[in-house]
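Examination of the molecular architecture
Here's the letter readout for the chains.
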Amino acid sequence: MKIVKVYGSGCKRCRATEAMVKAAAEKLGIEVEVEKVTDPKSIAIAGVLSTPGISVDGKLVHAGGLPDATRLEGWLSA
C-alpha cells in the first residue's frame with residue numbers, strides 16, 4: 001500500500017488533486033491511503049512552497065498546480 005499525502009488548504013485545486021490521485025490509483029489497481037494535510041505549518045515543514053503538493057511514501061513529488069495525469073501514474077507505480 002502506498003501512502004499519499006495531499007498538501008493544501010482544501011481549495012478546489014487541492015480537492016481535484018486528491019480526486020486525481022484516487023482515480024489514478026484505481027486505474028492502476030494500486031491500493032493507496034490518501035491523507036489530506038491542511039495545517040500550514042505541516043505544509044511548510046514538508047517543503048511545499050506552492051499548493052497543492054503531493055508526497056508518495058514520504059517523498060515530495062509535486063508542488064503547485066494540478067499534476068499531470070501521466071506523471072501522477074508514474075509516481076504511484078514507482
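Scroll up to find the structure this text is about.
Figured I'd write up the structure that's included with this text. (Residues numbered from 1 in each chain as written. Predicted model: local features only at pLDDT ≥ 70, side-chain atom pairs only at ≥ 80, totals over all residues. Heavy atoms only, no water.)

Residue placement: histidine 62 occurs in strand S4 (residues 59–63). Given a relative accessible area of 13%, histidine 62 falls into the buried group. Reaching out from histidine 62, the side chain makes a polar contact with the backbone oxygen of glycine 65 at a distance of 2.7 Å. Excluding its chain neighbours within four sequence positions, the residues that come into contact with histidine 62 are Pro52, Gly53, Ile54, Pro67 and Trp75. (Helix = DSSP H or I, 4+ residues; strand = E, 2+ residues; numbered from the N terminus. Buried < 20%, exposed > 50% of the residue type's maximum accessible area, 1.4 Å probe, protein only. Polar contact = N/O pair within 3.5 Å; in protein donor to acceptor, adjacent residues only side chain to side chain. Contact = heavy atoms within 4.5 Å.)

The subject of this paragraph is the sheet that holds strand S1 (residues 2–7). Strand order in the open sheet formed by four strands is S2-S1-S3-S4, with mixed pairing between adjacent strands. Lying at the two open borders of the sheet, with one neighbouring strand each, are strand S2 (32–37) and S4. In this sheet, adjacent strand axes meet at a mean angle of 20° when their direction is disregarded. In this sheet, S4 lies alongside strand S3 (residues 53–56) in antiparallel orientation, the contact comprising four bridges. Within S4, the residue paired with serine 55 across the bridge is leucine 60. The strands that helix H1 (residues 12–28) touches are S1, S2 and S3; relative to S1, the one it contacts most, it runs at about 160°. On top of the sheet, helix H3 (residues 69–77) reaches S1, S2, S3 and S4; it is set at about 30° to S3, its chief contact. (Pairing = 2+ DSSP bridges. Axes fitted to C-alpha atoms, helices over the stretch in contact; angles between N-to-C directions.)

Moving on, we come to the packing of H1 against H3. The N-to-C vectors of H1 and H3 enclose an angle of 65°; their axes lie 10 Å apart at closest approach. As for how H1 packs across H3, the hand of that crossing is right-handed. For the pair H1 and H3, contact is made by Met20, Val21, Ala24, Ala25, Lys27 and Leu28 and by Ala69, Leu72, Glu73, Leu76 and Ser77, respectively. In terms of residue class, the contact of H1 with H3 is built from eight nonpolar, one polar and two charged. (Left-handed = near helix turned anticlockwise from the far one by under 90°. Nonpolar A, V, L, I, M, F, W, Y, C, P; charged D, E, K, R; others polar.)

Before going further, it helps to examine the pairing of S1. The sheet contact formed by S1 and S2 spans six bridges and is parallel. Bridge pairing links lysine 2 to valine 32 in S2. For the crossover from S1 across H1 to S2, the handedness is right-handed. Looking at chain direction, S1 and S3 are connected through four bridges and run antiparallel. When the bridges of S3 are listed, tyrosine 7 appears paired with glycine 53. (Right-handed = clockwise from strand over helix to strand, strands pointing away.)

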